[in-house]
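Breakdown of the fold
Take a look at the letters that make up each chain.
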Amino acid sequence: MDNLFAVAGQFRTQGKIIDIREFGSGNINNTFLVTLDAAGEKHFVLQRINTQVFRRPELVMQNMRIATEHIHRRLEQAPLSGGRRWEVPRVLLAHDGRDHWLAPDGSFWRALTFIEGSRSFDTIKDSHHAGEVGYALGMFHTLLSDLPPGRLADTLEGFHITPRYLRHYDEVLAKHSTGRSPEVNYCLEFVSMRSVWAHVLENAQAQGRLFLRAIHGDPKVNNILMDNATGHAVSIVDLDTVKPGLVHYDIGDCLRSGCNPLGEETEEWETVQFDTDLCRSILQGYIPMAREFLTENDFEYLFDAIRLIAFELGLRFFTDYLEGDVYFKVRRPGHNLARALVQFRLTESIESQKPAILGIIQEIR
Ligand code: GN1
Ligand code: MG
């Protein structure tokens, strides 16, 4: 812990550091909430970036700066109506003026402002919360809709490109032997039945039907902050994966996360279901904002996006299980297998409710 105090002390903040505790439930980076004994801002967020995953962390910081400066400019030009607030975390500089601090052991640290008066939830509580989650993603996409995606670096090659995950999965299967439990067999069969369809979004992009934009990359429910007093969504945090991509990845990720009331960490994978009422509420929050930039083709691929990103995350967890947990942090043996089962079950539930989900998209578009 002494060490963490020393790390937190590398950044330009006011006041004395009085507490540091682990914060959030990220699967990749390490995140801490730092408390200051200060008259002004009382907290900041300290993070160690996982450089096994983000090989060029300085480019992650560059993307974050480009995106947040763009958003700040837009909000200054056209402040939000209706007295709503929308916040974007600011990067706190280190004493040497850089946007990160490189520790002597090579670890990469950065500090961000904490959005006071707000909190996040791992699952959605009710339809109002769901509408706000959709609004938040719509707001984020709208604010970035005029940022040319080419200005952002590709900080995580292959991220959300399902065919790439399938290729890696095949390589892992060829190299690693695994015990064939009923759960493992279910997953193997599950992937093999869907491997042809899983090219759907990349094919559509290759055919010129979908195109790249600036996206968030990880808009799951617990990355959306809700104001404690008003219950309004006030921010989307975790901007590490802001980069060029298809908005479909974001929409799919938001819905696979938001419409699973048991949450992605549940151990009751057999009862996981995709909740279409929450889906309607999220889309009712999202679409009115997004209508100004979504094309007809974008709408055509929304159902596939919802199905695909649930499937893809299951595939990513399952592959990591087979590979020996080299990517996602795990808290117990078999954790990644359990997570994969949740996403595959969710995918099945999405598939079995296809007519209802298509109906909702039709109703709102
Ligand atoms: C990872 O670290 P965290 O929790 O923000 C992952 C996302 C997954 C998510 C599943 C860079 O995000 O893609 O959807 O876990 N981030 C990366 O919870 O791979
Ligand atoms: Mg993330």
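Up top is the structure.
These notes cover the structure that comes with them. Here the structure is a predicted model, which means the values were calculated and not measured.

**Describing the overall build of the protein**
The secondary structure content of the protein amounts to 12 helices and 11 strands. The C-alpha atoms of the protein give a radius of gyration of 20 Å, which matches the 21 Å a tight globule of 365 residues would have. Overall size of the protein, expressed as C-alpha extent along the three principal axes, is 55 × 50 × 35 Å. Here the protein holds 365 residues, and the buried ones make up 56% of them.

**Some details on the coordination of the magnesium ion (ligand 2)**
Binding of the magnesium ion (ligand 2) to the protein goes through Asp-218 (OD) and Asp-238 (OD), at separations of 2.0 Å. Of the two residues, Asp-218 sits in the loop between strand 8 (213–215) and strand 9 (224–227) while Asp-238 sits in the loop between strand 10 (233–236) and strand 11 (243–245), which places them 20 residues apart along the sequence. Using a relative accessible area of 25% as the deciding quantity, one classes Asp-238 as partly exposed.

**Concerning helix 4 (residues 162–175)**
End to end, helix 4 covers 20 Å across 14 residues, agreeing with the expected 20 Å (1.5 Å per residue, within 8%). Considered for burial, the residues of helix 4 that qualify are Thr-162, Pro-163, Tyr-165, Leu-166, Tyr-169 and Val-172. Its buried side turned inward, helix 4 meets helix 5 (182–194), helix 6 (200–206) and helix 10 (302–323).

**A few points about the site of ligand 1**
Near ligand 1 lie 17 residues; those nearest to it are Asp-218, Lys-220, Glu-264, Arg-316 and Tyr-327. Interatomic distance of 2.9 Å between a side-chain N/O atom of Asn-27 and an oxygen atom of ligand 1. Within the contact set of ligand 1, an oxygen atom lies 3.1 Å away from a backbone nitrogen or oxygen of Ile-28. Here ligand 1, which alone exposes 440 Å², has 95% of that area covered by the protein.

**Quick look at helix 11 (residues 335–352)**
Taking 1.5 Å as the rise per residue, helix 11 with 18 residues should run 26 Å; its terminal C-alpha atoms sit 26 Å apart, in good agreement. Among the 18 residues of helix 11, 14 are classified as buried, and the element is accordingly described as predominantly covered.

**Regarding the packing of aromatic side chains**
Applying the stated criterion across every chain yields a total of 12 aromatic pairs. Ring geometry for Tyr-169 versus Phe-318: centroids 6.0 Å apart, planes at 45°, classification tilted. Note that Tyr-169 is positioned in helix 4 and Phe-318 in helix 10, a separation of 149 residues in sequence. One exposure class covers both Tyr-169 and Phe-318, and it is buried. A ring pair is formed by Tyr-186 and Trp-269, whose centres lie 5.6 Å apart and whose planes are at 45°; its orientation type is tilted. Taken together, the residues span a long stretch of sequence, with Tyr-186 in helix 5 and Trp-269 in the loop between helix 7 (247–258) and helix 8 (276–290) at a distance of 83 residues. Aromatic ring contacts, followed pair by pair, group Tyr-186, Phe-190, Trp-197, Trp-269, Phe-311 and Phe-344 into a single cluster. The ring of Tyr-135 has Arg-84 lying over it, and the distance from NZ or CZ to the ring centre is 3.8 Å. The aromatic ring of Trp-197 is capped on one face by Arg-307, whose charged end is 3.7 Å from the ring centroid.

**Describing the environment of Ser-235**
Mapped onto the elements, Ser-235 comes out in strand 10. By relative accessible area, Ser-235 is classed as buried at 0%. Note: C-alpha distance between Ser-235 and Gly-285 (50 residues apart in sequence) is 15 Å. When near neighbours in sequence (up to four residues on either side) are disregarded, Ser-235 contacts Trp-86, Glu-87, Val-88, Pro-89, Ile-115, Asn-223, Ile-224 and Leu-225. There is a polar contact of 2.8 Å between the side chain of Ser-235 and the backbone oxygen of Glu-87.

**Considerations on the nonpolar core**
Core analysis: the biggest nonpolar cluster contains 104 residues, and Trp-86, Leu-201, Phe-311 and Phe-318 have the highest contact counts within it. In this view, Phe-311 contacts Thr-162, Phe-190, Val-191, Arg-194, Trp-197, Ala-198, Phe-344 and Thr-347; residues no more than four positions away in its chain are not counted. Formed by 18 residues, the second largest nonpolar core is a distinct cluster that contains Leu-4, Val-7, Val-34 and Leu-92.

**A word on the layout of surface pockets**
Reported here for the second largest pocket is a volume of approximately 650 Å³. Leu-156, Glu-157, Tyr-165, His-168 and Tyr-327 are, among the 22 residues lining the second largest pocket, the residues nearest its centre. Every element with two or more residues in the lining of the second largest pocket is listed here: helix 4 and helix 10. Split by residue class, the lining of the second largest pocket holds eight nonpolar, five polar and nine charged.

**Structural notes on empty space enclosed by the protein**
One pass over the structure, following the stated rule, counts one cavity of 30 Å³ or more. Taken as a whole, the largest cavity holds about 40 Å³ of empty space. Ile-71, Trp-86, Glu-87, Val-88, Pro-89, Phe-140, Ser-235 and Ile-236 are the residues that line the largest cavity. Among the residues forming the lining of the largest cavity, the class breakdown is six nonpolar, one polar and one charged.

**A short note on the sheet that holds strand 10**
One open sheet holds the three strands; their spatial order is 7-9-10, and the pairing between them is antiparallel. The open sheet has two free edges, formed respectively by strand 7 (118–119) and strand 10, since each of these has just one partner strand. With three bridges joining them, strand 9 and strand 10 adopt antiparallel strand pairing. Bridge pairing in strand 10 links Leu-225 to Ser-235. The strands touched by helix 3 (residues 127–144) are strand 9 and strand 10; relative to strand 10, the strand with the most contacts, the crossing angle is about 50°.

What counts, and at which threshold
- Residues numbered from 1 in each chain as written.
- Chains lettered and ligands numbered in written order.
- Predicted model: local features only at pLDDT ≥ 70, side-chain atom pairs only at ≥ 80, totals over all residues.
- Heavy atoms only, no water.
- Helix = DSSP H or I, 4+ residues; strand = E, 2+ residues; numbered from the N terminus.
- Rg over C-alpha atoms; globule rule 2.2 N^0.38 Å.
- Buried < 20%, exposed > 50% of the residue type's maximum accessible area, 1.4 Å probe, protein only.
- Donors = N, O, S within 2.8 Å, 3.2 Å for Na, K, Ca; no water.
- Expected span 1.5 Å × (residues − 1).
- Contact = heavy atoms within 4.5 Å.
- Near = heavy atom within 4 Å.
- Polar contact = N/O pair within 3.5 Å; in protein donor to acceptor, adjacent residues only side chain to side chain.
- Areas by Shrake-Rupley, 256 points an atom, 1.4 Å probe, with all protein chains shown as cover.
- Phe/Tyr/Trp six-rings, centres within 6.5 Å; stacked < 30°, edge-to-face > 60°.
- Lys NZ or Arg CZ within 6 Å of the ring centre and 35° of its normal.
- Core = buried A, V, L, I, M, F, W, Y, C linked by side-chain atoms within 4.5 Å.
- 1 Å grid on protein atoms, 1.4 Å probe; cavity = no way out; pocket = protein on both sides within 12 Å on 5 of 7 lines; lining within 4 Å.
- Points joined across faces, edges and corners; volume = space filled by probe spheres on them.
- Nonpolar A, V, L, I, M, F, W, Y, C, P; charged D, E, K, R; others polar.
- Pairing = 2+ DSSP bridges.
- Axes fitted to C-alpha atoms, helices over the stretch in contact; angles between N-to-C directions.

Just geometry here; none of it tells us what the structure is for.
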